Amino acid sequence: MAAAKVGILPWLIPSSSATSSPLFSAAVKLPGVWRVRGRKAEKDVSVSVAFNPSGNFDISAFDSHDDKVEPPMPPTSGRYEVVIDNDSIQRLDLSPFQTATGITSPSSADPREYLDRSIGFTINYRREDAGDPRELSEYPDIRLWFVRLDAMYPWLPLLLDWRAGELARYAAMLVPHQMSLRMGVVFNPEALELFVMSKVFVVYPWLKRHAVPKPRLKTSDMARMLGFGIGDQLFDLIDQYDLQTTTDSL
């Protein structure tokens, strides 16, 4: 079977910082709460973000390699902390997010207020079976809560605490993936590519509407955290489209 292509879109290319390995690994680590637990003699390892360009997802969670990913950085001091539990998850209740951040509606958020402090999540999830080895991103009800959150606030990935791995674990809630002790979260490459592109189309115009300095750089940084670089041609096309629609509406 032919290997699946990575970066099939002309404006979306694997980040140069990720080309040293056949697996393009992003420069983020997932926090401890997202570590692989209860597997391989209770070994607890932090996980990184990767995707497999070969399209082969028959990846063992118990890789025999001895190399380990580095532990994640601690959460950013003073960040907005969103705490959710089984009750809010089961009811698809977004009020914990709204209360913690003060963002009551998509139009009420000013990105400049959140870019420095950032946003993070604490998930207090009680498993029905204490021996269940699944990660939080593998529980359908938790993922559904994040799907609703993302539908309501599609620009949210930009405001997350990237240094503590919040962007990576947020993507894991929305993008098909597998868990690997050695490689961490291994994303479906095409699904991750579409996720990144959809966020670029949302985040870049959103930053421009709020007159945030260097919107291209901030959008590109977000994509690079997930292993992709964005070409200027794409931003030019978005700008051209915005200009045409503005002209047509006059």
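Everything quoted here is computed from the prediction, not taken from an experiment. (Residues numbered from 1 in each chain as written. Predicted model: local features only at pLDDT ≥ 70, side-chain atom pairs only at ≥ 80, totals over all residues. Heavy atoms only, no water.)

**Re the overall build of the chain**
Across its full length, the chain carries eight helices and 10 strands. Counting across all 250 residues of the chain, residues that qualify as buried make up 47%. For the chain, contacts bridging at least 24 residues in sequence account for 72% of all contacts bridging at least 6. Counting every atom, the chain has about 12300 Å² of accessible surface; 54% of that belongs to carbon and sulfur. (Helix = DSSP H or I, 4+ residues; strand = E, 2+ residues; numbered from the N terminus. Buried < 20%, exposed > 50% of the residue type's maximum accessible area, 1.4 Å probe, protein only. Contact = heavy atoms within 4.5 Å. Areas by Shrake-Rupley, 256 points an atom, 1.4 Å probe, with all protein chains shown as cover.)

**What to know about the packing of aromatic side chains**
This structure, assessed with the given rule, holds 10 aromatic pairs. Arranged with centres 4.4 Å apart and planes meeting at 0°, the rings of tryptophan 155 and tryptophan 206 form a pair that is stacked. In this pair, tryptophan 155 sits in the loop between helix H4 (140-152) and helix H5 (166-174) while tryptophan 206 sits in helix H6 (residues 189-209), placing the two residues 51 residues apart along the sequence. For tryptophan 155, a relative accessible area of 4% puts it in the buried group. Its guanidinium or amino end placed over the ring of tyrosine 80, arginine 117 lies 3.8 Å from that ring's centre, counting from NZ or CZ. The ring of tyrosine 139 has arginine 134 lying over it, and the distance from NZ or CZ to the ring centre is 4.1 Å. (Phe/Tyr/Trp six-rings, centres within 6.5 Å; stacked < 30°, edge-to-face > 60°. Lys NZ or Arg CZ within 6 Å of the ring centre and 35° of its normal.)

**Things to note about the pattern of salt bridges**
Within the structure shown, the criterion is met by 14 salt bridges. Between aspartate 132 and arginine 134 there is a salt bridge, with the nearest N and O atoms lying 2.9 Å from each other. Residue classification places aspartate 132 among the buried positions, given a relative accessible area of 19%. Here the residues in one salt-bridge network are Arg79, Glu81, Asp161, Glu166 and Arg169, joined through shared partners. (Salt bridge = Lys/Arg side-chain N within 4 Å of Asp/Glu carboxyl O.)

**Some words on H6**
Taking 1.5 Å of rise per residue, 21 residues should cover 30 Å, and H6 covers 31 Å from first to last C-alpha, within 8% of that figure. Taking the backbone nitrogen of glutamate 190 as reference, a side-chain oxygen 3.1 Å away marks asparagine 188 as the first, capping residue of H6. Alanine 211, located one to two residues past H6, shows a positive phi value of around 55°. (Expected span 1.5 Å × (residues − 1). Polar contact = N/O pair within 3.5 Å; in protein donor to acceptor, adjacent residues only side chain to side chain.)

**Regarding the nonpolar core**
One finds Phe121, Phe146, Leu149 and Leu156 to be the most contacted residues of the largest nonpolar core, which totals 54 residues. Examining the composition of this core, we find that nine residues originate from one element, H6, more than from any other. When neighbours within four sequence positions are excluded, leucine 149 is seen to be in contact with Leu94, Phe97, Phe121, Leu156 and Tyr170. (Core = buried A, V, L, I, M, F, W, Y, C linked by side-chain atoms within 4.5 Å.)

**Description of the packing of H4 against H5**
Packed helix pairs are characterised by how far apart their axes lie and by the angle those axes make with each other. Contact geometry of H4 with H5 gives a least axis separation of 8 Å together with a crossing angle of 105°. The angle between H4 and H5 falls in the class roughly perpendicular. Between H4 and H5, the contacting residues are Ile142, Arg143, Phe146, Val147, Leu149 and Asp150 on the first element and Tyr170, Ala172, Met173 and Leu174 on the second. (Axes fitted to C-alpha atoms, helices over the stretch in contact; angles between N-to-C directions. Parallel < 35°, antiparallel > 145°, perpendicular 65-115°, else oblique.)

**Some points on the confidence of the model for the chain**
Here the chain shows a mean pLDDT of 77. Residues at 70 or above account for 68%. The low-confidence segment residues 1-8, where pLDDT is below 50, has 14 contacts with residues more than four positions distant or belonging to other chains. Confidence over residues 246-250 falls short of pLDDT 50; this stretch has zero contacts with residues more than four positions distant or in other chains. (pLDDT = per-residue confidence, 0-100.)

**Details of the packing of H6 against helix H7 (residues 215-225)**
Contact geometry of H6 with H7 gives a least axis separation of 9 Å together with a crossing angle of 155°. In terms of orientation, H6 lies roughly antiparallel with respect to H7. H6 and H7 meet at a crossing whose hand is right-handed. Between H6, through Val196, Lys199, Val200, Val203, Tyr204, Leu207 and Lys208, and H7, the contact on the second element is made entirely by Pro215, Arg216, Lys218, Thr219, Met222 and Ala223. Grouping the amino acids of the contact of H6 with H7 by side-chain chemistry returns eight nonpolar, one polar and four charged. (Left-handed = near helix turned anticlockwise from the far one by under 90°. Nonpolar A, V, L, I, M, F, W, Y, C, P; charged D, E, K, R; others polar.)

**A few points about the side chain of arginine 79**
Locating arginine 79 in the fold gives a position in the loop between strand E5 (48-51) and strand E6 (80-85). Look at arginine 79 and you get buried, because its relative accessible area is 11%.

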